[in-house]
Amino acid sequence: MIMEYILIFISAIFVNNIVLSQFLGICPFLGVSKKVETALGMSAAVAFVLTIATIVTFLIQKYVLDAFDLGYLQTITFILVIAALVQMVEIILKKVSPSLYQALGVFLPLITTNCCILGVAILVIQKDYDLLTGVVYAFSTALGFGLALTLFAGLREQMSLVSVPKGMQGTPIALITAGHLWRIDNLKAKLSIFNMKGKILVTGGTGYIGSHTVVELQNAGYEVVIIDNLSNSSADVVDNIEKVSGIRPAFEELDCLDYAGLDAVFTKYKGIKAIIHFAASKAVGESVQKPLLYYRNNLVSLINLLELMPKHGVEGIVFSSSCTVYGQPDELPVTEKAPIKKAESPYGNTKQINEEIVRDTVASGAPINAILLRYFNPIGAHPTALLGELPNGVPQNLIPYLTQTAIGIREKLSVFGDDYDTPDGSCIRDFINVVDLAKAHVVAIHRILENKQKEKVEVFNIGTGRGLSVLELINAFEKATGVKLNYQIVGRRAGDIEKVWANPELANNELGWKAETSIEDTLLSAWKWQLKLRERGIQ
């Protein structure tokens, strides 16, 4: 009898995996949308779990219920009590010991899930079905649950939700409720059968934007390889990426100027399908002082990658460009059709030259597709406060300097100029949440790998469409956090553009991407990140 159950268990795994992998394998050829593909994947996963739960239930019925003469109602009650207790333990752990909570990852929710599904399975077999009939009923019921989740999955995708939707947090019945769809994402990323989207190389992946993008790529089912020379970041970021996503990315400490080292990475990690290229020096002020450093780092690193891509069969690249390529635009908000003006800084000039390098390489016939993302001013941190902007030494960007001033590390924040042609005299920028920005890179990778590009090189503005002055940003920070900021007005800084903000309509309409996080929530996330650093004894 035990052997019979073991054989059924193995058969259930085999059949579910075959059906799922076959369907997911032909999805791209059928033109099936990602929503449908995800929905079917979830349906099969739920069906598999519920089928196994039914088999386990038969064992419980035979060796527990019959042996101890427990009724179904008593058993269901017992199971749901266990599920509730597990959920309570999870909530307590999250508050008392976040590190232990992160370490346990998906296991507590899985216990809750299986407890609840066991209850459903007991209901399925309540009328004394034989084992085979019970499995069939369980599988059908599970498909129903899974397909019903399609609606929630579509809603979640439309709303670009990262975590549990507000109002649904703490929902105890995992897997069969919309509130725990993020659990399914986490589980899906851990199961290799779902990880079929390919391998992505992220240069500068331990940096500020890079680390957030790695997490979003992992959440989307990609396998990630990080290259970073740690010149402006720390290897500890890889640990925090793992804590956030539950998956540890491959990491190579390497400078992109090292051609032979890059070549070896492509050889080691065979099958890399695309690259997101962040690795670059990026401070406007510093670039004015050290122009040759910026030209060497930012140009040669891209050239090395473009030379190696055809050799290793890499299909495409998403290049981290910048709104600095527009200089001071004639019209605002600025669109992708705005003329490229003389750069105001060596940093801006490297972005312009790199865009030309990409275009010329593709035009030469190289088998490469590219998307250039011209994004504006990323700020904020991950909602978990495990990832954020942590530059080595004195910050060159506004927000880390601002939060370090607010917490007392820096004496005073300098506002460079109050005599610009703006309402309050300070520079105006389009400040975008870093997680929203990270998601844009994932969408761009989808577009390249799914052959949806209309041109071999495409350009998109990635911004909010709203301009905010530096003084307005300071006021918004004080309002969001309740912390007064010590700042002073000083003279203008060389290389700064007076005002610029995006027209993101092309990205909104063509990519289906939109920045959604408010400036208040974004600034609050940056402040929580700074407080977390203090708690960890880093700053």
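Since this is a predicted model, take the numbers as computed values, not measurements. (Residues numbered from 1 in each chain as written. Predicted model: local features only at pLDDT ≥ 70, side-chain atom pairs only at ≥ 80, totals over all residues. Heavy atoms only, no water.)

## Description of the overall build of the protein chain
No. 1: Across its full length, the protein chain carries 18 helices and 13 strands.
No. 2: The buried share among the 539 residues of the protein chain stands at 51%.
No. 3: If you take every contact in the protein chain between residues at least 6 apart in sequence, the share linking residues at least 24 apart comes to 80%.
No. 4: Here the protein chain has roughly 24400 Å² of accessible surface; of this, 59% comes from carbon and sulfur atoms. (Helix = DSSP H or I, 4+ residues; strand = E, 2+ residues; numbered from the N terminus. Buried < 20%, exposed > 50% of the residue type's maximum accessible area, 1.4 Å probe, protein only. Contact = heavy atoms within 4.5 Å. Areas by Shrake-Rupley, 256 points an atom, 1.4 Å probe, with all protein chains shown as cover.)

## A look at empty space enclosed by the protein
No. 1: The full count for this structure, using the stated rule, is four cavities of 30 Å³ or more.
No. 2: By volume, the second largest cavity amounts to about 50 Å³.
No. 3: In terms of lining, the second largest cavity is formed by Tyr208, Gly380, Ala381, Glu389, Ile399, Pro400, Thr403, Ala526, Trp529 and Gln530.
No. 4: Taken together, the elements giving at least two residues each to the lining of the second largest cavity come down to α14 (398-407) and α18 (519-535).
No. 5: Residues of the lining of the second largest cavity, tallied by class, amount to six nonpolar, three polar and one charged. (1 Å grid on protein atoms, 1.4 Å probe; cavity = no way out; pocket = protein on both sides within 12 Å on 5 of 7 lines; lining within 4 Å. Points joined across faces, edges and corners; volume = space filled by probe spheres on them. Nonpolar A, V, L, I, M, F, W, Y, C, P; charged D, E, K, R; others polar.)

## Notes on the sheet that holds strand β3 (residues 250-253)
No. 1: In space, the seven strands of this open sheet follow the order β3-β2-β1-β4-β5-β6-β11, with parallel pairing throughout. What marks the edges here is a single partner per strand, and that holds for β3 and β11 (457-462). This sheet shows a mean twist of 20° between the axes of neighbouring strands, independent of strand direction.
No. 2: Alignment of strand β6 (residues 369-375) against β11, held across six bridges, turns out to be parallel. Along β11, the bridge assignment pairs arginine 374 with asparagine 461. (Pairing = 2+ DSSP bridges. Axes fitted to C-alpha atoms, helices over the stretch in contact; angles between N-to-C directions.)

## Notes on the confidence of the model for the protein chain
No. 1: Per-chain confidence: the protein chain averages 78 in pLDDT, with 64% of residues scoring 70 or above.
No. 2: Confidence, read as mean pLDDT per element, is least for helix α7 (residues 181-190) in the protein chain (40) and greatest for β11 (98).
No. 3: In this model residues 7-32 is a low-confidence stretch, pLDDT under 50, and it forms 26 contacts with partners more than four residues away in sequence or in other chains.
No. 4: The low-confidence segment residues 145-196, where pLDDT is below 50, has 90 contacts with residues more than four positions distant or belonging to other chains. (pLDDT = per-residue confidence, 0-100.)

## Structural notes on the nonpolar core
No. 1: Of all hydrophobic cores here, the largest spans 38 residues; its most connected members are Ile200, Leu217, Tyr222, Leu373, Ile445 and Ile462.
No. 2: For this core, the element with the highest residue contribution is helix α15 (residues 434-449), accounting for nine residues.
No. 3: Formed by 29 residues, the second largest nonpolar core is a distinct cluster that contains Tyr269, Leu308, Ile317 and Leu372. (Core = buried A, V, L, I, M, F, W, Y, C linked by side-chain atoms within 4.5 Å.)

## Some remarks on helix α16 (residues 470-481)
In an α-helix, one turn spans 3.6 residues, which is why side chains three or four residues apart end up on the same side.
No. 1: With twelve residues, α16 should reach 16 Å at 1.5 Å per residue; the first-to-last C-alpha distance of 17 Å fits that figure.
No. 2: Val470, Leu471, Leu473, Ile474, Ala476, Phe477, Glu478 and Thr481 are the residues of α16 that are buried.
No. 3: Positioned one or two residues after α16, glycine 482 has a phi angle of 75°, which is positive. (Expected span 1.5 Å × (residues − 1).)

## So, the pattern of salt bridges
No. 1: Under the defined criterion, the tally for this structure stands at 17 salt bridges.
No. 2: Taking the shortest distance from any N to any O, the salt bridge between aspartate 263 and lysine 311 comes out at 2.8 Å. Placement of the pair is aspartate 263 in helix α10 (residues 259-268) and lysine 311 in helix α12 (residues 291-311), with a sequence separation of 48 residues.
No. 3: For aspartate 263, a relative accessible area of 16% corresponds to the buried category. (Salt bridge = Lys/Arg side-chain N within 4 Å of Asp/Glu carboxyl O.)

## Notes on the environment of leucine 506
No. 1: In this fold, leucine 506 is placed in helix α17 (residues 505-511).
No. 2: Look at leucine 506 and you get partly exposed, because its relative accessible area is 35%.
No. 3: C-alpha separation for the pair leucine 506 and asparagine 461, spaced 45 residues apart in sequence, amounts to 7.4 Å.
No. 4: Once you skip the residues sitting within four places of it in the chain, leucine 506 turns out to touch Glu336, Val459, Phe460 and Leu511.

## Description of α12
No. 1: The terminal C-alpha atoms of α12 lie 31 Å apart, and with 21 residues this matches the ideal 30 Å at 1.5 Å per residue to within 8%.
No. 2: Taken as a whole, α12 has its buried residues at Tyr294, Asn298, Leu299, Ser301, Leu302, Asn304, Leu305, Leu306, Leu308 and Met309.
No. 3: Where α12 is buried, its residues meet β1 (199-203), α10, β4 (272-277), α11 (284-289), β5 (316-322) and α13 (346-363).
No. 4: Of the residues flanking the end of α12, it is glycine 313, one or two places downstream, whose phi is positive at about 65°.

## What to know about the environment of isoleucine 200
No. 1: For isoleucine 200, the position within the fold is in strand β1.
No. 2: Sequence separation between isoleucine 200 and lysine 273 is 73 residues; the distance between their C-alpha atoms is 5.9 Å.
No. 3: Setting aside residues up to four positions removed in sequence, isoleucine 200 forms contacts with Leu217, Tyr222, Glu223, Val224, Val225, Ala274, Ile276, Ile445 and Leu449.

## Examining the packing of aromatic side chains
No. 1: Per the stated rule, a full pass over the model turns up one aromatic pair.
No. 2: Seen from their ring centres, phenylalanine 477 and tryptophan 527 are 5.8 Å apart, and the 90° between their planes marks the pair as edge-to-face. With phenylalanine 477 in helix α16 and tryptophan 527 in helix α18, this residue pair connects regions lying 50 residues apart in the sequence.
No. 3: Using a relative accessible area of 10% as the deciding quantity, one classes tryptophan 527 as buried. (Phe/Tyr/Trp six-rings, centres within 6.5 Å; stacked < 30°, edge-to-face > 60°.)

## A look at the pairing of β11
No. 1: Here β11 lies mainly inside the structure; six of its six residues are buried.
No. 2: Of the two faces of β11, the one lined by Val457, Val459 and Asn461 and the one lined by Glu458, Phe460 and Ile462 are each fully buried.

## A short note on the packing of helix α8 (residues 208-219) against α15
A pair of packed helices is characterised by two quantities: the angle between their axes and the separation of those axes.
No. 1: It is the contact of α8 with α15, at a shortest axis distance of 8 Å, that shows an interaxial angle of 60°. As summarised for this structure, α8 and α15 are arranged oblique, according to the angle between their axes. The element α8 and its partner α15 pack so that their crossing is right-handed. Seen from α8, the contacting residues are Tyr208, Ile209, His212, Thr213, Glu216 and Leu217; seen from α15, they are Val434, Val435, Leu437, Ala438, Lys439, His441, Val442 and Ile445.
No. 2: Residues that form the contact of α8 with α15 fall into these classes: nine nonpolar, three polar and two charged. (Parallel < 35°, antiparallel > 145°, perpendicular 65-115°, else oblique. Left-handed = near helix turned anticlockwise from the far one by under 90°.)

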